[in-house]
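# Residue-level structure breakdown
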Amino acid sequence: MITKLEELITAVKGRPKKRIVVAYAQDAHTIEAVNAAVDMGIVDATLVGDPEEIQRVCMALEINPAKFTLVAGGSDVACVSLAVKMVNDGEADVLMKGLVSTDKYMRGILNKEYGLLPPKGVLSHVTVFELPMYHKLLVVSDVAVTPYPDLSQKTAIVRYLTATAKVLGVECPKIAAIAPSEQLLASVQSSVEAAVLAKMADRGQLGDVVLDGPLALDVALFEEVARTKHLSSPVAGDADCLLMPNLDAANVFFKSANHLCNASLAAMVAGTKAPCVLTSRGDSAESKLYSIALAALSAK
């Protein structure tokens, strides 16, 4: 089982290399991460953007741009469109966001003509955190894509959490459906939906998982809190995955973990035809490298 993010790299090394295409690939952190992935034999890389700017950044980082395939793409939107089309046409296995905003990146993925959303598909953003104060990797969704998932969308997100946990070697992941309280609050939608999902899991409708909810965040992550509250739960204090109630809560957790708790992370869009690396433009080269490794492990 993978217990540290650096083990993602160990796990993917030696496997057949994946082809990654980076949309608007002209920022230092992205190029630095892709360069490391190429050097490690994880991927072959195509960088779509302004070739002159990419070469300038490479030279500043003392990276040989000849190790990449450079494709001129024009504006950031045009670069995303070109990169998405390459994945859809089978010319690349993994898509990655460069120096482009998330909304433009997602619009490209959702393009009706050549986008990467399967018919009637549900997209979600999945993040794997390595938190200094938690005893194992933690898979969290959805922090960036679906603002207010309904019950049907949450069942799809549970599948993505499960699939990602299995990539990490967790055969039967423990999933905490997060709500404001571990008490069932009939007036709080996230609380009611968490309880419904827990019953669905009990009946085997969500696959090989253990899902409990509603659970407050502290109960899900800290066993001593659950003991103090006299809560008996197979998930409390030992969650592998957090199903967040909405993007508001999830995004605050994401940025708090990243910037206040010094968490390392790997992140991608799930539910697409191919894994799509989606990190913040401000994320470190290390997090982007971990994200490439996660996507490469998840790619078919």
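Quick note: structure is the one above.
Calculation rules
Counting of residues starts from 1 at the beginning of each chain's written sequence and follows it residue by residue. Totals for whole chains, interfaces and linings use all residues, but because this is a predicted model, local features are given only for residues with pLDDT of at least 70 and pairs of side-chain atoms are given and counted only at 80 or more. Calculation of side-chain values draws on the structure's entire complement of heavy atoms; hydrogens and water are dropped beforehand. Only DSSP runs of H or I reaching four residues or more are called helices, and only runs of E reaching two or more are called strands; each is numbered from the N terminus. For this measure, only C-alpha atoms enter the radius of gyration; the expected value for a globule follows 2.2 Å times N^0.38, where N is the number of residues. The buried label goes to any residue with under 20% of its type's maximum accessible area, the exposed label to any with over 50%, and the partly exposed label to all in between, with areas taken from a 1.4 Å probe on protein chains only. Contacts are assigned to residue pairs that have any heavy atoms within 4.5 Å of one another. The protein chains shown are the only cover counted for residues, whose accessible areas, like all others here, come from Shrake-Rupley with a 1.4 Å probe. Strand pairing is defined by DSSP finding a minimum of two bridges between the two strands. Under this scheme, a helix contributes an axis fitted over its contacting stretch, all axes are lines through C-alpha atoms, and angles between N-to-C directions fall in the 0 to 180 degree range. Salt bridges are identified by distance alone: a Lys or Arg side-chain nitrogen within 4 Å of an Asp or Glu carboxyl oxygen. Helix crossings get a hand from a simple test, with the near helix turned counterclockwise from the far one by less than a right angle marking a left-handed crossing and a clockwise turn marking a right-handed one. Gly is placed with the polar residues, together with every amino acid not listed as nonpolar (Ala, Val, Leu, Ile, Met, Phe, Trp, Tyr, Cys and Pro) or charged (Asp, Glu, Lys and Arg). To estimate how far a helix should reach, multiply one less than its number of residues by 1.5 Å. Two N or O atoms count as a polar contact when they lie within 3.5 Å, although within protein this holds only if one can serve as hydrogen donor and the other as acceptor, and sequence-adjacent residues are included solely when both atoms are side-chain atoms. To form a nonpolar core, buried Ala, Val, Leu, Ile, Met, Phe, Trp, Tyr and Cys residues must be joined to one another through side-chain atoms within 4.5 Å.

This paragraph deals with the overall build of the protein chain. A tally of regular secondary structure across the protein chain gives 11 helices and 11 strands. In terms of overall size, the protein chain behaves like a compact globule, its C-alpha atoms giving a radius of gyration of 19 Å where 300 residues would be expected to give roughly 19 Å. In terms of its C-alpha atoms, the protein chain occupies a principal-axis envelope of roughly 60 × 40 × 30 Å. Within the protein chain, buried positions represent 56% of all 300 residues. Intrachain contacts of the protein chain at a sequence separation of at least 6 include 70% that bridge at least 24 residues. On the protein chain, roughly 12,900 Å² of surface is accessible, and the fraction owed to carbon and sulfur atoms is 52%.

This paragraph deals with the sheet that holds strand β8 (residues 210-215). The strands making up a sheet associate through backbone hydrogen bonding, with each pair oriented either parallel or antiparallel. Read across the sheet, 11 strands follow the order β3-β2-β1-β4-β11-β10-β5-β6-β9-β7-β8 without closing on themselves; strand pairing throughout is mixed. Each end of this open sheet is capped by a strand with a single partner; those strands are β3 (69-72) and β8. Across the face of the sheet, helix α7 (residues 189-202) comes into contact with β7 (174-178), β8 and β9 (241-243) while running at roughly 160° to β8. Each of β5 (124-130), β6 (138-141), β9 and β10 (264-270) touches helix α10 (residues 247-259); the most contacted strand, β5, lies at about 30° to it.

One pass over the full model with this rule turns up 14 salt bridges. Note that Lys85 is salt-bridged to Asp89, the shortest N-O span being 2.9 Å. Lys154 is the salt-bridge partner of Glu193, the closest N and O atoms lying 2.8 Å from each other. Linking Glu193 in helix α7 with Lys154 in helix α6 (residues 151-167), this pair joins segments that are 39 residues apart in sequence. Residue classification places Glu193 among the buried residues on the basis of a relative accessible area of 10%. If you follow the salt bridges from partner to partner, you end up with Lys136, Lys174, Asp238 and Asp240 in one network.

One way to put it is that helix α4 (residues 76-88) packs onto helix α5 (residues 102-109) with a least axis distance of 9 Å and a crossing angle of 35°. For α4 against α5, the interelement crossing comes out right-handed. For the pair α4 and α5, contact is made by Asp76, Val77, Val80 and Val84 and by Lys104, Tyr105, Gly108 and Ile109, respectively. Looking at the contact of α4 with α5, its residues break down into 5 nonpolar, 1 polar and 2 charged.

Right, let's talk about α6 for a bit. Its 17 residues place the ends of α6 25 Å apart at the C-alpha level, agreeing with the 24 Å of an ideal helix rising 1.5 Å per residue. Listed in full, the buried residues belonging to α6 are Lys154, Thr155, Ala156, Ile157, Val158, Tyr160, Leu161, Thr162, Thr164 and Ala165. Near the N-terminus of α6, the side chain that reaches the backbone nitrogen of Ser152, with its oxygen 3.2 Å away, is that of Asp150. Of the residues flanking the end of α6, it is Gly169, one or two places downstream, whose phi is positive at about 95°.

Let us look at the nonpolar core. Residues Leu8, Val34, Phe68 and Leu211 are the most contacted members of the largest nonpolar core, which totals 62 residues. Considering every element that reaches this core, the biggest residue donor is helix α11 (residues 285-298), with 8 residues. Counting residues in each nonpolar core, the second largest holds 27 residues, with Leu131, Val143, Ala216 and Leu242 among its members.

Such coordinate-based values are descriptive only and should not be taken to indicate function.
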